[in-house]
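What the coordinates show
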Amino acid sequence: MFNSCLRQLNRQPLLVAIRHCSAEVGSNAYLENLVSKSPVVVFMKGTPDNPRCGFSNAVVQIMRMHGVQYDSYNVLDDEKIRQGIKEFSKWPTIPQVYLNKEFIGGCDILLQMHQSGELIEELRKNGIISSLLEEELEKDKSKPAEK
Amino acid sequence: MKALRRLLPPPRTALTSQVRRCSGTDSDAGEARLEELLKTRFPTASAVRVQDISGGCGSMYEVWVESSDFQGLSRVKQHRLITEALAEQIKDMHGLRISTSVPES
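On a predicted model such as this, the values are computed, not experimentally measured, just so you know.

Cut-off values and rules
Residues numbered from 1 in each chain as written. Chains lettered and ligands numbered in written order. Predicted model: local features only at pLDDT ≥ 70, side-chain atom pairs only at ≥ 80, totals over all residues. Heavy atoms only, no water. Pairing = 2+ DSSP bridges. Helix = DSSP H or I, 4+ residues; strand = E, 2+ residues; numbered from the N terminus. Axes fitted to C-alpha atoms, helices over the stretch in contact; angles between N-to-C directions. Contact = heavy atoms within 4.5 Å. Parallel < 35°, antiparallel > 145°, perpendicular 65-115°, else oblique. Nonpolar A, V, L, I, M, F, W, Y, C, P; charged D, E, K, R; others polar. Buried area = accessible area lost by both parts, 1.4 Å probe. Salt bridge = Lys/Arg side-chain N within 4 Å of Asp/Glu carboxyl O. pLDDT = per-residue confidence, 0-100. Buried < 20%, exposed > 50% of the residue type's maximum accessible area, 1.4 Å probe, protein only.

1. A closer look at the sheet that holds strand E6 (residues 102-105) of chain A
Residues and elements named next belong to chain A. What the four strands build is an open sheet, ordered E4-E1-E5-E6; its pairing is mixed. Both outer strands of the open sheet, strand E4 (71-74) and E6, are each paired with one neighbouring strand and no more. Strand-to-strand, the axes of this sheet are offset by a mean angle of 25 degrees, without reference to chain direction. In this structure, strand E5 (residues 96-99) lies alongside E6, joined through three bridges in antiparallel fashion. When the bridges of E6 are listed, leucine 99 appears paired with glutamate 102. Each of strand E1 (40-44), E5 and E6 touches helix H5 (residues 79-89); the most contacted strand, E5, lies at about 60 degrees to it.

2. A closer look at the packing of helix H3 (residues 28-36) of chain A against H5 of chain A
All names here are of chain A. Where H3 contacts H5, the two axes come as close as 10 Å, and the packing angle between them is 85 degrees. In this view, H3 runs roughly perpendicular relative to H5, as classed from their interaxial angle. The residues of H5 that touch H3, namely those facing Asn28, Tyr30, Leu31, Glu32 and Val35, are Ile81, Gly84, Ile85 and Phe88. Here the residues of the contact of H3 with H5 are counted per class, giving six nonpolar, two polar and one charged.

3. What about the interface of chain A and chain B?
Across the contact, 22 residues belong to chain A and 18 residues belong to chain B. Summed over both sides, the interface of chain A with chain B buries roughly 1700 Å², with 56% coming from carbon and sulfur. Three residues stand out in chain A for area buried against chain B, namely Phe55, Asp108 and Gln112 of chain A, and they jointly supply 31% of the buried area on that side. One can count two salt bridges joining chain A with chain B. Note that arginine 97 of chain B is salt-bridged to aspartate 108 of chain A, the shortest N-O span being 2.8 Å.

4. As for the confidence of the model for chain B
All names here are of chain B. With 75% of its residues at a pLDDT of 70 or more, chain B has an overall mean of 82. Per-residue pLDDT stays below 50 along residues 13-21; that stretch engages in 19 contacts with residues further than four places along the chain or on separate chains. Across the whole predicted complex the pTM is 0.77, and at the interface the ipTM reaches 0.70.

5. Describing the pattern of salt bridges
All names here are of chain A. Enumeration over the complete set of coordinates arrives at ten salt bridges over all chains. For glutamate 121, the salt bridge identified is with arginine 124, shortest N-O distance 2.6 Å. Here glutamate 121 pairs with arginine 124, and both are found in helix H7 (residues 118-125), just three residues apart, close to one helical turn. By relative accessible area, arginine 124 is classed as partly exposed at 41%.

6. Regarding the environment of glutamate 135 of chain A
Residues and elements named next belong to chain A. By the secondary structure assignment, glutamate 135 is in helix H8 (residues 131-142). Relative accessible area serves as the criterion here: at 46%, glutamate 135 is assigned to the partly exposed category. As a C-alpha pair, glutamate 135 and glutamine 115 span 20 residues in sequence and 16 Å in three-dimensional space.

7. Description of the pairing of E1 of chain A
Residues and elements named next belong to chain A. Taking burial as the measure, the five residues of E1 include five buried ones, the bulk of the element. Burial of E1 is two-sided: the residues Val40, Val42 and Met44 facing one way and the residues Val41 and Phe43 facing the other way are all buried. Relative to E5, E1 runs antiparallel, the two sharing four bridges. Paired with valine 40 across the two strands is leucine 99, which belongs to E5. Alignment of E1 against E4, held across four bridges, turns out to be parallel.

Printed below as a string of structure tokens:
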């Protein structure tokens, strides 16, 4: 079932491909598929260009600061996804952030990780270099060598 | 000028939600109830605090819990303990902010 889903995804635009997946929308199999398609996946209210909630907006801004590319799903578009992801993650609120198929938290956790520097490290462990880390490395390079 | 200002949407802030004003509220009772639930779930907690951040509407809360129960757990697991303790109440909320910590030894 998943192989046929993946073949569809490679050929077709994202939303159309999702509809062709045989798993029921909002089911565990369906959501397992969504969180597998990109290293970073965000379930939010609204879209990155138009967040519909302050908490979802906070996640979008943090991702933007770190220059992270991610797939996002607007739970307001589909009630089955909105309720399904809460059961799938065992987490009652939106937004929800997945990193390499693992749920890492919502807005509060992401904010704390961002403020403490943990987010940069967690991204790096998963093969993603944060823009903020790149800036730091550039600054270190341009410092004059100490005698 | 005042009438025009009322028509304009309130300014958006990146990291805070917009607070609506409610009249006739029992936000103190709502906060007390959630605190009680958390203190029952975490009887050895060194600190538990709940604040209604929805302007008294009871639709959004911020909770702080400091407890040795969180020792060694990831943030997700720590926050899950809170959401599980408040599962029924969260169904009626618009949102919940959580801060957890381990007491300094």
